[in-house]
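What the coordinates show
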Amino acid sequence: MISIFKRLRAFDEMTFHWLFHSTRSLRKSRLAFWLSRSGDGPYYALFALLAGIAAFEGSILFIQRVLLAFALEIPLFIALKNLLRRDRPILRRKEKIVLKPADRFSFPSGHSTAAFLFAALVIASFPVWAPLFYGWAAAVAISRVALGVHYPSDVIAGAILGTSIAAFTVAFLPTPLTI
């Protein structure tokens, strides 16, 4: 069993090296930086606020789901990072840091978790936006590897975690709460 984990880790590290070197142009153009930043917390709040102001059908339920989902997601991914304590690839490689990470640990990717969580919630409320938001979530995840702050398995785990939390939230809150 340990041999399987060693092989998976070696494959993950090899894939990271290939992706990191293949995405050099994304770093040089700063596109990776801006894609990564688009997955920062304030932008989720801004989008939810805009949906509420625009009064799209389903926007109240969407906002309630966003609040519940992020209330679950933030402590969960922080607890997992601190429990698993996987060093970021850029710290292990001793290369020039392109983006200063918020913390030392990489697994799972908080940006990928949040991006896929948000994309899944948008799609549950506004299905027409599915290609745009899943494409954006994937771009955020790829940018985190391109910037050297995550291994591919970190962003894959984040995508699974975020999508799972969104699915739980949608099942738990199928209709808007009324006051």
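This text follows the structure it describes.
Presented here is a report on the structure given in the accompanying data block.

Here the focus is the packing of helix 5 (residues 59-84) against helix 7 (residues 110-125). When two helices pack together, their arrangement is given by the angle between the helix axes and the distance between those axes. It is at 10 Å that the axes of helix 5 and helix 7 come closest, and there the two elements cross at 160°. By the angle between their axes, helix 5 is roughly antiparallel relative to helix 7. For the crossing formed where helix 5 meets helix 7, the hand is right-handed. On the side of helix 5, the interface is formed by F62, R65, V66, A69, F70, E73, F77 and K81, while helix 7 contributes G110, T113, A114, L117, F118, L121, V122, A124 and S125. Considered class by class, the residues forming the contact of helix 5 with helix 7 number 11 nonpolar, three polar and three charged.

Take a nonpolar patch on the surface next. Among the surface-exposed residues, Y43, L46, L49, L50 and I53 lie close enough to one another that they form a single nonpolar patch of about 530 Å² accessible area. Checked against the element boundaries, I53 lands in helix 4 (residues 41-54). Its relative accessible area of 61% is what places I53 among the exposed residues.

A few words now on the environment of A167. Mapped onto the elements of the fold, A167 is located in helix 9 (residues 152-172). In this structure A167 comes out as partly exposed when scored by relative accessible area, which is 46%. Placed 92 residues apart in sequence, A167 and P75 show a C-alpha to C-alpha distance of 17 Å.

This part takes up the pattern of salt bridges. The full count for this structure, using the stated rule, is five salt bridges. With its nearest N and O atoms 3.1 Å apart, the salt bridge here joins R9 to E13. Separated by four residues within a single helix, R9 and E13 lie in helix 1 (residues 2-22), roughly one turn from each other. Across the pair R86 and D154 runs a salt bridge, and its minimum N-O distance is 3.0 Å. Of the two residues, R86 sits in the loop between helix 5 and helix 6 (89-93) while D154 sits in helix 9, which places them 68 residues apart along the sequence. In this structure D154 comes out as buried when scored by relative accessible area, which is 0%.

Here helix 8 (residues 130-146) is 17 residues long and its end C-alpha atoms lie 24 Å apart, about the 24 Å a rise of 1.5 Å per residue gives. Residues of helix 8 that are buried include every one of F133, W136, A137, A139, V140, A141, S143, R144, V145 and A146, and no others. Immediately beyond the C-terminal end of helix 8, within one or two residues, lies G148, with a positive phi of roughly 85°.

What the rule picks out here adds up to 10 aromatic pairs. Ring centres 6.3 Å apart and planes at 55° place the aromatic pair F118 and F133 in the tilted group. Taken together, the positions of F118 in helix 7 and F133 in helix 8 put the pair 15 residues apart, joining distant regions of the chain. Summarising the burial analysis for this pair, F118 and F133 share the class buried. Here the aromatic rings of W129 and F133 are separated by 6.4 Å at their centres, their planes lie at 85°, and the arrangement is edge-to-face. Assessed through its relative accessible area of 42%, W129 is described here as partly exposed. Residue F133 is classed as buried on the basis of its relative accessible area, which comes to 10%. Taken together, the aromatic side chains of F62, F118, F126, W129, F133 and W136 make up a single cluster linked through ring pairs. One cation-aromatic arrangement involves R30 over F33; the distance from NZ or CZ to the ring centre is 4.3 Å.

About the criteria used
- Residues numbered from 1 in each chain as written.
- Predicted model: local features only at pLDDT ≥ 70, side-chain atom pairs only at ≥ 80, totals over all residues.
- Heavy atoms only, no water.
- Axes fitted to C-alpha atoms, helices over the stretch in contact; angles between N-to-C directions.
- Helix = DSSP H or I, 4+ residues; strand = E, 2+ residues; numbered from the N terminus.
- Parallel < 35°, antiparallel > 145°, perpendicular 65-115°, else oblique.
- Left-handed = near helix turned anticlockwise from the far one by under 90°.
- Contact = heavy atoms within 4.5 Å.
- Nonpolar A, V, L, I, M, F, W, Y, C, P; charged D, E, K, R; others polar.
- Patch = residues over 30% accessible without salt bridge, like charges linked within 9 Å, V, L, I, M, F, W, Y side chains within 5 Å.
- Areas by Shrake-Rupley, 256 points an atom, 1.4 Å probe, with all protein chains shown as cover.
- Salt bridge = Lys/Arg side-chain N within 4 Å of Asp/Glu carboxyl O.
- Buried < 20%, exposed > 50% of the residue type's maximum accessible area, 1.4 Å probe, protein only.
- Expected span 1.5 Å × (residues − 1).
- Phe/Tyr/Trp six-rings, centres within 6.5 Å; stacked < 30°, edge-to-face > 60°.
- Lys NZ or Arg CZ within 6 Å of the ring centre and 35° of its normal.

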